[in-house]
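One-letter residues, chain by chain:
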Amino acid sequence: GKRKKADEQVDVTQLLFGEDFKDAEAMLNAEVKTVMDSVFKTQELELDDLNEMMQNTMKYVETFGRFQDTESTTSCKLELMEEKKLHSFEAACMANLAPANADEAKRLIPSLSGRFTDEDIHQCCEIVTRFRGNR
């Protein structure tokens, strides 16, 4: 793979992801599950057809992709990014980790601190709760 340039700064707490990821958008676990399900269908694959890493990934996103449907997944991410102005990485972390409150969110996602008020972060937590439903 490519090596990180010596002068390239990577620090997720500052939303610096390096050149390789500058245009990448972070995905929610539920989005990864949707993509993998689609590939399974298209390629007519079974879990046994995948290597161990892919099998583990599939099991993980099935366990932790806790949204009721694709529409709620997309809506949650868009609301966090467009209305609350979270970076896609922060939106994916919020949705995947579902912190209970602003303090927990700031501990889990350090880039939120200083960029958003506790009230804004609390509203983000409520958005995630609303879209995840009661699973």
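To keep things clear, this report deals only with the structure shown in the data block. (Residues numbered from 1 in each chain as written. Predicted model: local features only at pLDDT ≥ 70, side-chain atom pairs only at ≥ 80, totals over all residues. Heavy atoms only, no water.)

### Observations concerning the overall build of the protein
Broken down by element type, the protein carries 6 helices and 2 strands. If one aligns the C-alpha atoms of the protein with their principal axes, the spans along those axes are about 45 × 45 × 20 Å. Each of the 135 residues in the protein was classed as buried or not, and the buried ones make up 33%. Taking all contacts inside the protein whose residues are at least 6 apart in sequence as the whole, residues at least 24 apart take part in 60%. Here the protein displays about 8,900 Å² of accessible surface, and carbon together with sulfur accounts for 49% of that area. The average position of the 18 basic charges and that of the 27 acidic charges among the side chains of the protein differ by 3 Å. (Helix = DSSP H or I, 4+ residues; strand = E, 2+ residues; numbered from the N terminus. Buried < 20%, exposed > 50% of the residue type's maximum accessible area, 1.4 Å probe, protein only. Contact = heavy atoms within 4.5 Å. Areas by Shrake-Rupley, 256 points an atom, 1.4 Å probe, with all protein chains shown as cover. Lys, Arg positive; Asp, Glu negative; His and termini not counted. Charge placed at Lys NZ, Arg CZ, Asp CG, Glu CD.)

### Considering helix α2 (residues 52-64)
The end-to-end C-alpha distance of α2 is 18 Å, a good match for the 18 Å that 13 residues give at a rise of 1.5 Å each. The complete set of buried residues in α2 reads Q55, M58 and V61. Projected onto a plane normal to the axis of α2, the buried residues spread over an arc of 135° and lie on a single side. Exposed residues pointing more than 90 degrees away from the buried face of α2 are listed as E52 and M53. Summarising the contacts, the buried residues of α2 are in contact with α1 (29-43). The opening residue of α2, the one whose side-chain oxygen lies 3.1 Å from the backbone nitrogen of M53, is N51. (Expected span 1.5 Å × (residues − 1). Arc of directions from axis to C-beta. Polar contact = N/O pair within 3.5 Å; in protein donor to acceptor, adjacent residues only side chain to side chain.)

Shape is all these values report; function is a separate question.
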